[in-house]
Amino acid sequence: MFYIVEEESKLQSIENLVRLGCYVNVVSTNDLYHPKLTSSIAVYIRLLKSDYGYIIPIDHPEGLNVDKERVYQLLLKANTLYTLNKKELLYHFNLQEAIDISLLYAMTKYDKLEYTKENSSLNYFYNKFQKHKEVNKLIPISKLYEANENIYKQIKPVLNIAIPNGFDFYNKTATNVFYLLEHGGLGVYYDEFNKIFTPRNPLYNTDNNTVLTSYNLYNATSRPTNAFNSVNFAAIPKTPEHRKTFRPTGDYFVEFDFDGYHLRLLCEQIGYKLTEASAHKQLATQYFNKEHITEEEYDQAKQINFHAIYGKIPEKYAFLEIFTRIDDYIKELWKRYKDDGEVLAPISGKPFTSSLKGMNPQKLMNYVMQSLETSRNINILKAVFKYLQGKKSKAVLYTYDSILFDFSKEDGKDLLNDLEQILSENGKYPVKFKFSKNLVL
């Protein structure tokens, strides 16, 4: 069949045309498994100037399989390379220049790119052989090709969307950071974890008593979610029953928490100075006009600050300098949004445009702050991964204002001090850490 490419002469012909641009999608052993637990069995390629695509078998029983390295070298020749999910692509091929179509859509339409990969043949095999780890090897290669052709027809219009501001930051830096973060995995007590969390199928993302997470980067604010196999890892319940099912693969879990993180980020934007002392307590002394703050007053201050961050400035304290500055900042963002049609988030340059539905001044400020938080954390995680190279300790979970590490004593206690300096930017954003043999921290 002409669309199945196996001979070197055909590979060379496609290689010459790939330079003009193409779309690529990897067919793995099983679409339901975490990509780290799969291998490549074929690659679908659609030349941008062609009316049909090609499929190159790599490890499929029907094909005269092509060496994976040969396919990789072919794809490297593409001047423009589109893919559906770049983070997943990286599990199979290190194609750093690939353009993530789902990300492109999310950053311009502020919505999820909808498409279906199912067809009657695929449904049949997945229903009948749902426990087969390499179910895609059972599906005729012609049917895998048809499924990919159908996907391409659905997503083809996205390829015409212009690359927006900030795209490279998320398409390259963020994608690589969360790809590396997923590799760490969370140690678990297998039976207890499955009993408490009841994943759809434990085999989909559990290997050697380590559960793998998956970060979704396609959200309006770019703040990632983290759920896979029916488990929400971004919101693990606080109960000991849930948290005792996790265990470090090294010696300890160490969780670093940022002090008053959103508040400090916002204060930096408005030019309001805070010291290294607790951010919430610093403002509490103004609310209650006293130096020594009780626990109840501290909790009240946190609530006041939380509402202020989301644009609901309390009338009782509106006269305070910090709130007049926040109010001015909200008005400034909204004026820029109305006058220019967009506001660019700090660090990443991500645009928030008039394409956003139901926007208002407070919501705009909230989106900008969530994007700022995310982009700063991405840069911090990038520095963390660089520092941890060659060490046994690893970053394993990110939840907005905290980062969890699986710490090995072989790396020495200095590692924790070094991580504190990296995360806090030498004290600019103070952090505190807790450690434990489980997630009851």
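That block above? That's the structure.
In this approach the atoms are scanned with a rolling probe the size of a water molecule, which exposes any empty space left behind. Empty space within the second largest pocket amounts to approximately 990 Å³. Around the second largest pocket sit 36 residues that line it, and Lys 238, Asp 257, Phe 258, Lys 302 and Asp 401 are the ones nearest its centre. Taken together, the elements giving at least two residues each to the lining of the second largest pocket come down to strand E12 (252-258), helix H10 (261-270), helix H12 (295-309), strand E16 (402-407) and strand E17 (431-436). With 7 residues, H12 is the single largest residue contributor to the lining of the second largest pocket. Taken together, the residues that form the lining of the second largest pocket break down as 17 nonpolar, 7 polar and 12 charged.

Relative to the helices and strands, Ser 214 is located in the loop between strand E8 (210-211) and strand E9 (215-216). Look at Ser 214 and you get buried, because its relative accessible area is 15%. In contact with Ser 214, other than residues within four places in its own chain, are His 34, Lys 87, Glu 182, Thr 225, Asn 226, Ala 227 and Phe 228.

Pairing within the open sheet is antiparallel, and its 3 strands lie in the order E6-E8-E7. Strands at the two margins of the open sheet, each flanked by one partner only, are strand E6 (186-187) and strand E7 (206-207).

Throughout the structure, instances matching the rule amount to 21 salt bridges. A salt bridge links Arg 70 to Glu 15; its shortest N-O distance comes to 3.1 Å. With a gap of 55 residues between them, Arg 70 in helix H2 (residues 68-75) and Glu 15 in helix H1 (residues 8-18) connect regions that are remote in the sequence. In this pair, the class of Arg 70 matches that of Glu 15, namely buried.

Moving on, we get to the packing of aromatic side chains. Throughout the structure, instances matching the rule amount to 27 aromatic pairs. Here the aromatic rings of Phe 169 and Tyr 170 are separated by 5.1 Å at their centres, their planes lie at 85 degrees, and the arrangement is edge-to-face. Between the aromatic rings of Tyr 287 and Phe 323, the centroid separation amounts to 6.1 Å while the plane-to-plane angle is 5 degrees, which identifies the pairing as stacked. Separated by 36 residues along the polypeptide, Tyr 287 in helix H11 (residues 279-288) and Phe 323 in helix H13 (residues 321-340) bring together distant segments of the chain. Residue Tyr 287 is classed as buried on the basis of its relative accessible area, which comes to 7%. Taken together, Tyr 3, Tyr 23, Tyr 44, Tyr 145 and Tyr 152 form an aromatic cluster joined through their ring pairs. Note that Arg 223 overlies the ring of Tyr 400, its terminal NZ or CZ placed 4.0 Å from the centroid.

Attention now moves to the pairing of strand E1 (residues 22-28). Buried residues dominate E1, accounting for 7 of its 7 residues. Neither face of E1 is exposed, since Cys 22, Val 24, Val 26 and Ser 28 on one face and Tyr 23, Asn 25 and Val 27 on the opposite face are all buried. As paired strands, E1 and strand E2 (residues 40-47) are joined by 7 bridges and run antiparallel to one another. In the strand pairing of E2, Val 27 is matched with Ala 42. Across 2 bridges, the pairing between E1 and strand E4 (residues 81-83) is parallel. Bridged to Tyr 23 within E4 is Tyr 82.

Moving on, we come to unusual backbone geometry. Backbone geometry places Ser 222, a non-glycine residue, at a positive phi of 75 degrees. Mapping Ser 222 onto the fold places it in the loop between E9 and strand E10 (225-228). Located in the positive-phi region is Ile 347, a residue other than glycine, with phi close to 70 degrees. Take Ile 347: it is sitting in the loop between strand E13 (342-344) and strand E14 (351-353). Residue classification places Ile 347 among the partly exposed residues on the basis of a relative accessible area of 48%.

What follows deals with the environment of Asp 191. Counting through the fold element by element, Asp 191 comes out in helix H8 (residues 190-197). As for Asp 191 and Asn 165, which are separated by 26 residues in sequence, their C-alpha atoms are 46 Å apart.

What counts and what doesn't
Residues numbered from 1 in each chain as written. Predicted model: local features only at pLDDT ≥ 70, side-chain atom pairs only at ≥ 80, totals over all residues. Heavy atoms only, no water. 1 Å grid on protein atoms, 1.4 Å probe; cavity = no way out; pocket = protein on both sides within 12 Å on 5 of 7 lines; lining within 4 Å. Points joined across faces, edges and corners; volume = space filled by probe spheres on them. Helix = DSSP H or I, 4+ residues; strand = E, 2+ residues; numbered from the N terminus. Nonpolar A, V, L, I, M, F, W, Y, C, P; charged D, E, K, R; others polar. Buried < 20%, exposed > 50% of the residue type's maximum accessible area, 1.4 Å probe, protein only. Contact = heavy atoms within 4.5 Å. Pairing = 2+ DSSP bridges. Salt bridge = Lys/Arg side-chain N within 4 Å of Asp/Glu carboxyl O. Phe/Tyr/Trp six-rings, centres within 6.5 Å; stacked < 30°, edge-to-face > 60°. Lys NZ or Arg CZ within 6 Å of the ring centre and 35° of its normal.

Any link to function would need more than the numbers given here.
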